[in-house]
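# Secondary and tertiary structure notes
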Amino acid sequence: MKKAIAHQTALLLICSMLLVACGKSGNNIANSTNNPTVTTGAVNAIPIGIAFAQTSNVALLGQEGTDGVKIAEKYFNNKGGINGRPIKLVYQDTGGDEVGAITAFQTLISKDKVVGIVGPTLSQQAFSADPVAERNQVPVIGASNTAKGIPEIGDYVARVSSSVAVVAPYSVKAALKQNPQIKRVAVFYAQNDAFNKSETEIFQKAVTNLGLDLVTVQKFQTTDTDFQAQASDAINLKPDLVIISGLAVDGGNLVKQLRELGYKGIIVGGNGFNTSHIFSVCRALCDGIIVAQAYSPMYASEINTAFRKAYLEQYHREPPQVSAQAFAALQVYVEALQSLDKKSNLNKLRLPQLRTELNKELLTKKFQTPLGEIAFTPVGDVIQKEFYVAQLKMEADGVNGKFSFLSIK
């Protein structure tokens, strides 16, 4: 009987010790459950979530974001990470819809235990997924979300992608500089996408503010492939300028069909055209499209030179805007974490506290990024000084092209 009691007592003692040990480490950022470790070395890596589209018709744009954060991860870890501690990117596919983005955010927050999130790919997704991060008090930085109202979603929502209200008018002014005789303007936009609905409002306002005639507004879906009806209706009204708010695939196909139906005037593309993937869609007919941009590979700074060099070596083409913005988003997290670690040892912060303190830290700093110097307004919108306008120039083979930057001074 005594042996049985002794045996039970020993078992209870062991269980109690295990529970105490688990309780001491369960909510600490150094815990391996909350903070997955890298495959080499004994130091735990700090997990940062990446919620980009890896599938669906948005995958091309999502891939550009992924390209940017991969370069940033390698760059900053080679420089010592967070004061000697590496970062580790944790990826979740958002797909192209709101449900996919919400699921990705929930997984990154609850299962992967990330300290913050970069994403999602689309503004449409951000309006649904960002509130998930806000409710859980997890910082989120948008790298390609430019629609009106996104930073206002909550205290934990910020973006490094400048508002379309700031960027879009530059391209219309550039078109007028090329052809001062422009009077009649036709506008097209994807009505099923929050960003494009927001962007077209800015474009339409810019057109009227410049005293131009808005002769038609044509709607389409990002999933459409046939634009013959809308294109024909617009061409019959003899516009001097066409403005398109869409994504690379649908927007590129619309450009192609406009040209094939005989439209010869200037075309302005919205932010969805800021990708080299559009070259493969409208090919030779992409030539001449004007697009405003928040990034230039030619921007002279140490960090942009390093980013551009790494991108060229990896992908053998100039880095696009979304890749640069994704790099900048991860840079913001890294430098904010470095600063916070010097003030409060990250190992001593429980995960909820770390997320909150990280959010406070990133909103109060300035960052020298490939986009130039950026900071944040109190609500989390990016403050950026440099903007550009590029014109697509296709090579003789009609397959390859580049963004040729125009003077907007």
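Reference entry: report on the structure contained in this document. All residue numbers here refer to positions counted from 1 along the written sequence of the relevant chain. Only residues with pLDDT of at least 70 are given local features in this predicted model, and only at 80 or more are side-chain atom pairs given and counted; all residues enter the totals for whole chains, interfaces and linings. Values shown for side chains rest on all heavy atoms present in the structure; no hydrogens or waters enter the calculation.

### A look at the sheet that holds strand β2 (residues 87–93)
Strands are labelled as partners when DSSP assigns at least two bridges between them. Secondary structure elements follow DSSP: runs of H or I no shorter than four residues count as helices, runs of E no shorter than two count as strands, and numbering proceeds from the N terminus. Spatial ordering of the open sheet is given by β2-β1-β3-β4-β5, a layout of five strands whose pairing is parallel. In this open sheet, the two strands that pair with only one neighbour each are β2 and β5 (157–159). A contact between two residues is defined here by any heavy atoms of the two lying within 4.5 Å. Angular values range over 0 to 180 degrees, each being the angle between N-to-C directions of two axes fitted as lines to C-alpha atoms, with helices fitted over their stretch in contact. Of the strands in this sheet, β1 (46–52) and β2 touch helix α2 (residues 59–78), which is tilted by about 165 degrees from β2. Set on the sheet, helix α11 (residues 321–343) makes contact with β1, β2, β3 (117–118) and β4 (140–142); between it and β1 the angle comes to about 160 degrees.

### Focus: the environment of P297
By secondary structure assignment, the location of P297 is in the loop between β10 (290–293) and α10 (302–315). A residue is classified by how much of its surface remains accessible, and P297, at 9% relative accessible area, is buried. Sequence-wise, P297 and K309 are twelve residues apart; in three dimensions their C-alpha atoms are separated by 9.7 Å. In this structure P297 touches N304, R308, E318, P319 and F405, once residues within four positions along its chain are discounted. Think of it in three bands: with a 1.4 Å probe and only protein chains considered, a residue is buried below 20% of the maximum accessible area for its type, exposed above 50%, and partly exposed in between.

### Looking at the layout of surface pockets
Over the atoms, a rolling probe the size of a water molecule traces out where space has been left empty. Definitions used for this entry: grid spacing 1 Å over protein atoms alone; cavity, a set of points where a 1.4 Å probe fits but cannot get out; pocket, an open set with protein on both sides within 12 Å along at least 5 of 7 lines; lining residue, one with an atom within 4 Å of a point. Grid points are joined across faces, edges and corners, and a volume is the space filled by probe spheres set on the points. Reported here for the largest pocket is a volume of approximately 470 Å³. Taken together, 22 residues make up the lining of the largest pocket; nearest its centre are S276, F279, G401, K402 and F403. Those elements giving two or more residues to the lining of the largest pocket turn out to be α9 (279–282) and β15 (401–406). The element that contributes the greatest number of residues to the lining of the largest pocket is β15, accounting for five residues. The calculated volume of the second largest pocket comes to roughly 220 Å³. Lining the second largest pocket are K70, I71, K74, Y75, N78, A306, A310, E313, Q314 and Y315. At the level of secondary structure, the elements contributing two or more residues to the lining of the second largest pocket comprise α2 and α10.

### Describing the side chain of R259
Its place among the elements puts R259 in helix α8 (residues 248–260). For the buried residue R259, which engages in no salt bridge, the nearest side chain bearing the opposite charge is D287, 7.8 Å off. We count Lys and Arg on the positive side and Asp and Glu on the negative side, and we leave His and both chain ends out. We count a salt bridge whenever a side-chain nitrogen from Lys or Arg sits within 4 Å of a carboxyl oxygen from Asp or Glu.

### Considering the state of the cysteines
Disulfides are defined as cysteine sulfur pairs within 2.5 Å. Tallying each qualifying case throughout the model produces one disulfide. Sulfur-sulfur distance for the disulfide between C282 and C286 comes to 1.9 Å. One disulfide, between C282 and C286, carries an S-S torsion of 105 degrees and so falls in the right-handed class. Judged by its relative accessible area of 3%, C282 falls in the buried class.

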